[in-house]
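As a plain string of letters, each chain reads:
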Amino acid sequence: MATQSDRLNINSQIEHLQAKYVGTGHADITKFEWAVNVHRDSYASYIGHHNLLSYFALVQNESVGRVKYEFLQKMLLPCGVPPAQKDADVEDADMMNTDIGSD
């Protein structure tokens, strides 16, 4: 049976890994951030494994270099533009409702 010190040690190891590696996530990660990490990891794997990259090139009837370039470009914004945060929206709405400089 695991003791309390074992649990604390495991939690500290998990926190260390999450701080060290971006893609491991954390308790406050959003769905969008998680999806971006998954997509980037997938594209990096496709680019790193030449046989898989060759397969994609064959299926798309493109050169290997073109497919690699397209995957690198998709890594920039794999899931599109990030959604606006709720806190920022509330602050922007408050600023628009206040009249600055009105007499």
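Here the residue numbering is sequential within each chain, running from 1 through the sequence in written order. It should be noted that, the model being predicted, local features are given only for residues of pLDDT at least 70 and side-chain atom pairs only at 80 or more, the latter also being counted only at that level, while totals for whole chains, interfaces and linings use all residues. Side-chain descriptors were evaluated using all non-hydrogen atoms of the structure, hydrogens and water having been removed beforehand.

Taking an unreviewed UniProt entry as the reference, the protein is identified by name as Splicing factor subunit belonging to Haematococcus lacustris.

Caption draft 1: Structural detail: the overall build of the protein. The secondary structure content of the protein amounts to five helices and zero strands. Strands here are runs of E lasting at least two residues and helices are runs of H or I lasting at least four, both read from the DSSP assignment and numbered beginning at the N terminus. Its helices and strands taken in sequence order, the protein reads α-α-α-α-α from the N to the C terminus. Accessible area is worked out with a 1.4 Å probe on protein chains only. A residue is then buried under 20% of its type maximum, exposed over 50%, and partly exposed in between. The buried share among the 103 residues of the protein stands at 11%. Pairs at least 24 residues apart make up 47% of the contacts formed inside the protein by residues separated by at least 6 positions. Here a residue-residue contact requires only that any non-hydrogen atoms of the pair lie within 4.5 Å.

Caption draft 2: Expanded view of unusual backbone geometry. In this structure, asparagine 61 is a non-glycine residue whose phi angle is positive, near 55°. The exposure class assigned to asparagine 61 is exposed, which follows from its relative accessible area of 69%.

Caption draft 3: Seen up close, the packing of helix 3 (residues 50-60) against helix 4 (residues 64-74). In this analysis, axes come from line fits to C-alpha atoms, helices being fitted only over the stretch in contact, and the angle between any two N-to-C directions falls in the range 0 to 180 degrees. Closest axis-to-axis distance for the helix 3/helix 4 pair is 9 Å, and the angle between their directions is 105°. Considering their axes alone, helix 3 and helix 4 lie roughly perpendicular with respect to each other. In this structure, helix 3 contributes His50, Leu53, Ser54, Phe56, Ala57 and Gln60 to the contact, and helix 4 contributes Val64, Val67, Lys68, Glu70 and Phe71. For this scheme, ten residues count as nonpolar: Ala, Val, Leu, Ile, Met, Phe, Trp, Tyr, Cys and Pro. Four count as charged, namely Asp, Glu, Lys and Arg, and the remainder, Gly too, count as polar. Grouping the constituent residues of the contact of helix 3 with helix 4 by class yields six nonpolar, three polar and two charged. Each angle gets one of four labels, with under 35 degrees taken as roughly parallel, over 145 as roughly antiparallel, 65 to 115 as roughly perpendicular, and the rest as oblique.

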